[in-house]
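One-letter residues, chain by chain:
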Amino acid sequence: MGSRSMGSRGMARLVVVSNRVPSPREVSQAAGGLTVGLADAIKGQPSLWFGWSGSSTAREGDEPVPTAIEQNGVTYATIDLTARQHKGFYQGFSNGILWPVCHYRLGLMQYSREELDTYLEVNARYARALKALLEPDDTIWVQDYQLFPLGAALRRDGVTSRIGFFLHIPFPPEQLFRALPGADLLLADLDGYDVVGVQTEQDAANMNGALQAVGVAVRAQAYPIGIDPKSFARQAARGETSKEMGRLTQALNNRALILGVDRLDYSKGIPERFRGFERLLQRFPAHRGKVSFMQIAPVSRGEVAEYKALRRQLDELAGRINGDWAEIDWIPLRYITRGLPRKVLAGVHRRAAVGLVTPLRDGMNLVAKEYVAAQDPADPGVLVLSRFAGAAPELGDAVLVNPYDPDEIAEALDRALTMALPERLRRWEAMNAAVTRVTAASWARGFLDVLNNVQVRQAA
Ligand code: ADQ
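Residues numbered from 1 in each chain as written. Predicted model: local features only at pLDDT ≥ 70, side-chain atom pairs only at ≥ 80, totals over all residues. Heavy atoms only, no water.

This paragraph deals with the side chain of R13. Tracing the backbone shows R13 in the segment before β1 (14-20). Polar side-chain contacts of R13 include one of 2.9 Å to the backbone oxygen of L133. Ignoring anything within four residues of it in the chain, the contact list for R13 reads P46, S47, L48, L133, L134, E135, D137, D138 and T139. (Helix = DSSP H or I, 4+ residues; strand = E, 2+ residues; numbered from the N terminus. Polar contact = N/O pair within 3.5 Å; in protein donor to acceptor, adjacent residues only side chain to side chain. Contact = heavy atoms within 4.5 Å.)

Glancing now at helix α15 (residues 406-417). With twelve residues, α15 ought to run about 16 Å at 1.5 Å a step, and its terminal C-alpha atoms sit 16 Å apart, in line with that. Buried within α15 we find I409, A410, A412, L413, D414 and A416. Its buried side turned inward, α15 meets β9 (256-261), α11 (270-283), β12 (354-357), β13 (382-386) and β14 (399-401). (Expected span 1.5 Å × (residues − 1). Buried < 20%, exposed > 50% of the residue type's maximum accessible area, 1.4 Å probe, protein only.)

Here the focus is the side chain of D203. Tracing the sequence through the fold places D203 in helix α8 (residues 201-213). In this structure D203 is buried but unpaired, with R361 as the nearest side chain of opposite charge at 6.7 Å. Within the structure, the side chain of D203 is placed 2.9 Å from the side chain of T200, a separation counted as a polar contact. Here D203 is in contact with P170, F171, V198 and G363, once residues within four sequence places are set aside. (Lys, Arg positive; Asp, Glu negative; His and termini not counted. Salt bridge = Lys/Arg side-chain N within 4 Å of Asp/Glu carboxyl O.)

For the protein, the domain assignment lists domain 1 (14-226 + 441-451) and domain 2 (229-437). At the junction of the two partners, domain 1 supplies 25 residues and domain 2 supplies 19 residues. Where domain 1 abuts domain 2, roughly 1700 Å² becomes buried across the two surfaces, and 59% of that area is made up of carbon and sulfur atoms. By the criterion of area lost to domain 2, the three top residues of domain 1 are W99, R105 and L108, representing 27% of everything that side buries. For the pair domain 1 and domain 2, the number of links is zero salt bridges. Run the count over domain 1 and domain 2 and you get four residue pairs in polar contact (both at pLDDT 80 or more). (Domains from an automatic or database assignment. Buried area = accessible area lost by both parts, 1.4 Å probe.)

Turning our attention to the site of the ligand. In the region of the ligand, 22 residues are neighbours, and H168, D362, M364, L366 and E370 sit closest. Contacts to the ligand include D362, whose side-chain N or O atom sits 2.5 Å from an oxygen atom. E370 is positioned such that a nitrogen or oxygen atom in its side chain is 2.5 Å from an oxygen atom of the ligand. Of all the elements in the fold, those that place two or more residues in the shell around the ligand are α13 (342-351) and α14 (366-374). Broken down by element, the residue count for the shell around the ligand peaks at three residues, all from α14. Broken down by class, the residue content of the shell around the ligand amounts to ten nonpolar, six polar and six charged. Residue-level mapping places the shell around the ligand at the junction of two domains, with at least three residues from each of domain 1 (14-226 + 441-451) and domain 2 (229-437). (Near = heavy atom within 4 Å. Nonpolar A, V, L, I, M, F, W, Y, C, P; charged D, E, K, R; others polar.)

So, on to the pairing of strand β5 (residues 139-143). Burial analysis of β5 places five of its five residues in the buried class, which makes it a mostly covered element. Side chains T139, W141 and Q143 project from β5 onto one buried face, and the interleaved I140 and V142 project onto a second face that is buried too. Bridge count for β1 against β5 is four bridges, and the pairing is parallel. Directly across from V16, in β5, lies its bridge partner W141. (Pairing = 2+ DSSP bridges.)

Dropping the structure here:
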């Protein structure tokens, strides 16, 4: 087996690199999938977690000096960026260019060559700072779209260790990705990795098509990510007896709850979902006054123009739908732009008769898996899920919809709200088996077992 199973003396150190490094406290209380999976992977073995500190106060021209803290055998090392680097690398190329392209939204890409250059510059900066911290036996695992070129940058600096890369977001078809100026460069840089992982078979096929088209040898494989279903189910059951849940019960007044939970992001299809709910009220009058749709969508990337526009659009849409449909004793749509504590969120999931998860495109979508894990096994709710979520192939027993069609969302909602218990049970059991089969921990283990078994490269 790989070096993870070797005696502690020979155990390779695991080096995780991600754009943001969680604090030791965030790791110990890890709630979201990525941190849970990685926290589990680093547990019990010497590890280093490297990335950006969150500060953009570095001075132009200064070489970064990592700040390191150690806790429970894990070293957390971070570097600062300059304000210019943060803007060009993070807001600009990562979130304003790569994010829309990878989510099939070429029209939203605001390309600038300067931002591509800053992206490459910051990746080279990460590589230099990381190299100084490396030991010969390290296994390096790079996370996500902010760091496509990091492996190649490390190789250029002479690093021969095993390096893996996992892309958390979708990878679009070759023709679409290669419309991005600089795409071929990013694809060529993937050759710096020994193992490249993506979420789904579709993403792997797309990426491999692109790699083949530019003559790059490395190939991607699907490693779908999961959650920690046991702990989420436990939190959901516990959350049910909380004070907040009492208030929710009162507010619902026996109405069925439809729930949406997402970061406020245009990839999540929230406006389309609001329209789908409105179509339900228009076309299926029996539900009027009997359902309550709650959308929890904490603001994210609030400084990027597209996200500001989306927020305005949702404010307006929510106001209009409520204005058109509310009664003196009924508000159809509740819209919250703040996050909720994990326990409360899990309890709300359990309470919801319908989990409405309709991204236009999503790498995986952990919210869909969390909704399933949170259900009461004796009386589960129904998941309405976009065909374009990475979770759809695993959760084929959801009511699947095309999220661009409000009528299809309305029909799926009607079906979910009227579904009899035996069908709900059958669907939930199949989905729960899938959510239990692939967890955050098994995802990380699966990837690292492959990575730890590749041949280490020879020094050039
Ligand atoms: P995200 O786009 O952030 O992740 P998702 O997979 O749904 O999407 O994960 C979000 C996490 O944040 C979930 O654990 C969820 O519970 C939590 N969260 C969301 N809204 C919240 C709220 N209102 N309050 C509290 N918590 C909230 C990216 C990719 C996904 C991929 C993941 C992991 O875009 O496709 O599944 O990485 O690989």
